[in-house]
Amino acid sequence: MRSARNLQVLGSIVAFVLSSGCAREDDAPSVPTGDAPAVRSAGDWPEDGQWAMPAKDYANTRYSALSEIDTSNVAGLRPVWSFTTGVLRGHEGQPLVIDNTMYVVTPFPHIAYAFDLTQEGYPLKWKYTPDVNPAAIGVACCDIVNRGPAYADGRLIYNLLDAHTVALDAETGRELWKVRTGDINLGETTTMAPIIVDGKAIVGNSGGEFGVRGWIAALDVETGEEVWRGWSTGPDTDVLIDIATFRPFYERARGRDLGVTTWPADQWKIGGGTVWLWLSYDPELDLIYYGTGNPSPFNPEQRPGDNKWTTSIMARRSTDGSLIWAYQQTPHDNWDFDGTNENILVDLPFRDSVRKLLVHFDRNGFAYTMDRVTGEVLVAEPYVHTNVATGFDLATGVIDYVAEKQTGGTGPTYDFCPSHYGGKDQQPAAYSPRTQLFYVPTNNMCEDWETFEVSYIAGTPYYGMSGTLHPGPGGHLGEFIAWDAVAGRKVWGIEEPYPVWGGGLATGGDVVFYGTLDGWFKAVSARDGRLLWRYKVGSGVVGNPITYVGPDGRQYVAIYAGIGGVWFNDVAHGAEPHNVPQPSAIVKDLGRHTSWGGMVWVFAL
């Protein structure tokens, strides 16, 4: 068994190096063990056949060089194993596969499972059921989701909905530590997937819809003790800005205590900017990259100013959390666009040299290609239909907005695109170094929006708006696209009847995988988007596919099926919206195609 697996891994390494065209004599490949993340960034570490980090690697590529499954044979994929989690809510996130063990974490109550992949039927090695305060359910804005665990040094670490983080012994499931990071009485929850950097678990919070103040923190992997915490709003001392080392590229981001002065009075204390999605890390630069969420409340009239550092891309040192640069995509965010989407780190030829790039598909509808050393925007183009903007000024780093599509003021704002769910939401994109393309799940929705005055009450919704969604141009609600980040253009697209809310996976076999809200798991050609295979997994997909090598040397693909996230009411017998405006009006027939579920599916040739 082991020798077959090693042959498969060796073949993947050779194929990966040849396809990337970057082999050197001093690049002798060594396959890392399960005690460390398998990949640092696309193209600089050989494939080891595992899936040991939420996004596969620090660069957030969701790319695997495995190539046994390719465009010529993917039509032969068949299900070989499935497991029912017993939880009928949104299964966002993805499993991990490390040393022939698959780790699964469910939505609330966040049960963790470990399956032995070396035995027939994948028997359960252990099951851990945490003690989670059920009161957290009432303050979870967008379903009771969990976006997955992280792994390091024999520990499985993940967040709980009630603002705790827990560490387990990955071999036995024994709880090693559990620490509180936030306060559910304020509406604060934790739903994001941590990453592990140099012995620290990096975690962030949710709850911007409740006026929660955003933060990111580093916890010691051994003890759970907090090493540092950087706030999204407030004075420089809280944001961890040292004026001597903070070097934002654009003039608008320079100045002292902008996290206070760009807000009215003490509004920054309940100003949002939470950190609830995917994190990236560049070990060479020692920079953690992440996005911050919407300002609170949604009503922009109550918070004049840029509202820093909400809706921003942040670059922090892992050692002490100090902020090195920041870039605010949507100052004063009028539309709940957030800025939390993933940042994918790639080195690509740009103009006359290879640049260290950061590629970000923002909810505001623009795809940003940035220099990740300095924070300069090199390319910014719409990747979905937008009518809130006419263009982008590269000199100032600011979008040119359309005045009549601004929200707030004396009356409603009609037909702004994209909607407050953005060009894409939590569903992560993938990148293939073989094609140098990004594979992006997107939304095609527009919205009518009306604002009103709202008062802050701790632990209760803090919106000041109501909205009605409708389809964008063409009538379809979503599209899965391939994007050229250097040219700033769409290469191909696959229209979908519903928003594409599951993440992407790119592979060395030039196959890209993604799932749909109506319950299809699909494989398409990375080169031209041709549909190669699909399988009905039952419940809608809001999670992210992974691929790995089993102990028999074969390549496997796994995916969660379990509709939820902001969509859980649409299949819940006509239930009323929960906490935030739901999209039920435009997808009320979704229940004809799918139902609640909680399944882990595994496929192989």
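Residues numbered from 1 in each chain as written. Predicted model: local features only at pLDDT ≥ 70, side-chain atom pairs only at ≥ 80, totals over all residues. Heavy atoms only, no water.

Quick word on the environment of Pro-349
Here is step 1 of the chain: If you trace the backbone, Pro-349 turns up in strand 19 (residues 343-350).
Here is step 2 of the chain: In sequence terms Pro-349 and Val-486 are 137 residues apart; their C-alpha atoms lie 8.1 Å from each other.
Here is step 3 of the chain: If we skip the residues at most four places from it in the chain, Pro-349 touches Val-354 and Val-486. (Helix = DSSP H or I, 4+ residues; strand = E, 2+ residues; numbered from the N terminus. Contact = heavy atoms within 4.5 Å.)

Details of the confidence of the model for the protein chain
Here is step 1 of the chain: Averaged over all residues, the pLDDT of the protein chain is 90; the fraction at 70 or higher stands at 90%.
Here is step 2 of the chain: Throughout residues 1-43 the model reports pLDDT below 50, and contacts reaching past four residues in sequence, or to other chains, amount to 80 contacts.
Here is step 3 of the chain: In this model residues 573-580 is a low-confidence stretch, pLDDT under 50, and it forms 20 contacts with partners more than four residues away in sequence or in other chains. (pLDDT = per-residue confidence, 0-100.)

Some details on the nonpolar core
Here is step 1 of the chain: Formed by 65 residues in total, the largest nonpolar core has its most connected members in Val-74, Met-102, Phe-513 and Tyr-548.
Here is step 2 of the chain: Residues in contact with Tyr-548, not counting those within four places in the same chain, are Gly-49, Leu-66, Val-97, Met-102, Leu-117, Tyr-122, Arg-554, Gln-555, Tyr-556, Ala-558 and Val-602.
Here is step 3 of the chain: Core analysis: the next-biggest nonpolar cluster, separate from the first, contains 36 residues, Ile-157, Ile-202, Ala-217 and Leu-279 among them. (Core = buried A, V, L, I, M, F, W, Y, C linked by side-chain atoms within 4.5 Å. Buried < 20%, exposed > 50% of the residue type's maximum accessible area, 1.4 Å probe, protein only.)

Digging into the sheet that holds strand 19
Here is step 1 of the chain: The four strands are arranged 19-20-21-22 in an open sheet whose pairing can be described as antiparallel. Of all the strands in the sheet, the pair left with one neighbour each is strand 19 and strand 22 (377-382). Taken pair by pair, the neighbouring strands of this sheet meet at an average axis angle of 25°, ignoring direction. (Pairing = 2+ DSSP bridges. Axes fitted to C-alpha atoms, helices over the stretch in contact; angles between N-to-C directions.)

Details of the state of the cysteines
Here is step 1 of the chain: Across all of its chains, the model carries two disulfides by this definition.
Here is step 2 of the chain: Between Cys-141 and Cys-142 runs a disulfide, and the two sulfur atoms are separated by 2.0 Å. Residues Cys-141 and Cys-142 are joined through a disulfide that is left-handed, its torsion about the S-S bond being -70°.
Here is step 3 of the chain: Of the residues examined, Cys-141 reaches a relative accessible area of 13% and is grouped as buried.
Here is step 4 of the chain: A relative accessible area of 22% places Cys-142 in the partly exposed class. (Disulfide = S-S within 2.5 Å.)

Re the pairing of strand 12 (residues 200-204)
Here is step 1 of the chain: For strand 12, a buried count of five out of five residues is recorded, marking the element as mostly surrounded by other parts of the structure.
Here is step 2 of the chain: Burial along strand 12 is two-sided: Lys-200, Ile-202 and Gly-204 and Ala-201 and Val-203, pointing in opposite directions, are all buried.
Here is step 3 of the chain: By the bridge criterion, three bridges tie strand 11 (residues 195-197) to strand 12 in an arrangement that is antiparallel. Within the sheet, the bridge partner assigned to Ile-195 lies in strand 12 and is Ile-202.
Here is step 4 of the chain: Linking strand 11 to strand 12, which pair antiparallel, is a turn of two residues; within it Asp-198 sits at a positive phi near 50°.

As for the side chain of Asn-334
Here is step 1 of the chain: Tracing the backbone shows Asn-334 in the loop between strand 18 (323-328) and strand 19.
Here is step 2 of the chain: According to the relative accessible area criterion, Asn-334 is buried, its value standing at 5%.
Here is step 3 of the chain: One polar contact links Asn-334 to Gln-406, side chain to side chain, over a distance of 3.1 Å.
Here is step 4 of the chain: Once residues within four sequence positions are removed from consideration, Asn-334 is found in contact with Pro-300, Gln-406, Thr-407 and Trp-449. (Polar contact = N/O pair within 3.5 Å; in protein donor to acceptor, adjacent residues only side chain to side chain.)

Considering the sheet that holds strand 3 (residues 96-98)
Strands in a sheet are paired, the pairing made by backbone hydrogen bonds, and the direction either parallel or antiparallel.
Here is step 1 of the chain: Pairing is antiparallel across the open sheet formed by four strands, whose spatial order is 3-4-5-6. The sheet is open, and its two edges are formed by strand 3 and strand 6 (124-128), each paired on a single side. On average, each strand axis in the sheet is inclined to that of its neighbour by 15°, with strand direction left out of account.
Here is step 2 of the chain: Inspection of the sheet shows strand 3 paired to strand 4 (residues 101-105) by three bridges, in the antiparallel sense. Directly across from Val-97, in strand 4, lies its bridge partner Met-102.

Some remarks on the packing of aromatic side chains
Here is step 1 of the chain: Evaluated as defined, the whole model comprises 39 aromatic pairs.
Here is step 2 of the chain: Measuring from ring centre to ring centre gives 5.9 Å for Tyr-113 and Phe-115, while their planes differ by 15°; the resulting arrangement is stacked.
Here is step 3 of the chain: Tyr-113 gets classed as buried once you look at its relative accessible area, which sits at 5%.
Here is step 4 of the chain: Taking the centre distance of 5.3 Å and the plane angle of 80° together, the rings of Trp-533 and Phe-603 count as edge-to-face. One end of the pair, Trp-533, is in strand 35 (residues 531-536); the other, Phe-603, is in strand 38 (residues 599-604), and 70 residues separate them in sequence.
Here is step 5 of the chain: Taken together, the ring pairs connect Phe-249, Tyr-250, Tyr-327, Phe-366, Tyr-368 and Phe-392 into an aromatic cluster.
Here is step 6 of the chain: Lying across the ring of Trp-596, Arg-89 places its NZ or CZ 5.9 Å from the centre.
Here is step 7 of the chain: A cation sits over an aromatic face here: Arg-229 above Trp-215, 4.0 Å from the ring centre. (Phe/Tyr/Trp six-rings, centres within 6.5 Å; stacked < 30°, edge-to-face > 60°. Lys NZ or Arg CZ within 6 Å of the ring centre and 35° of its normal.)

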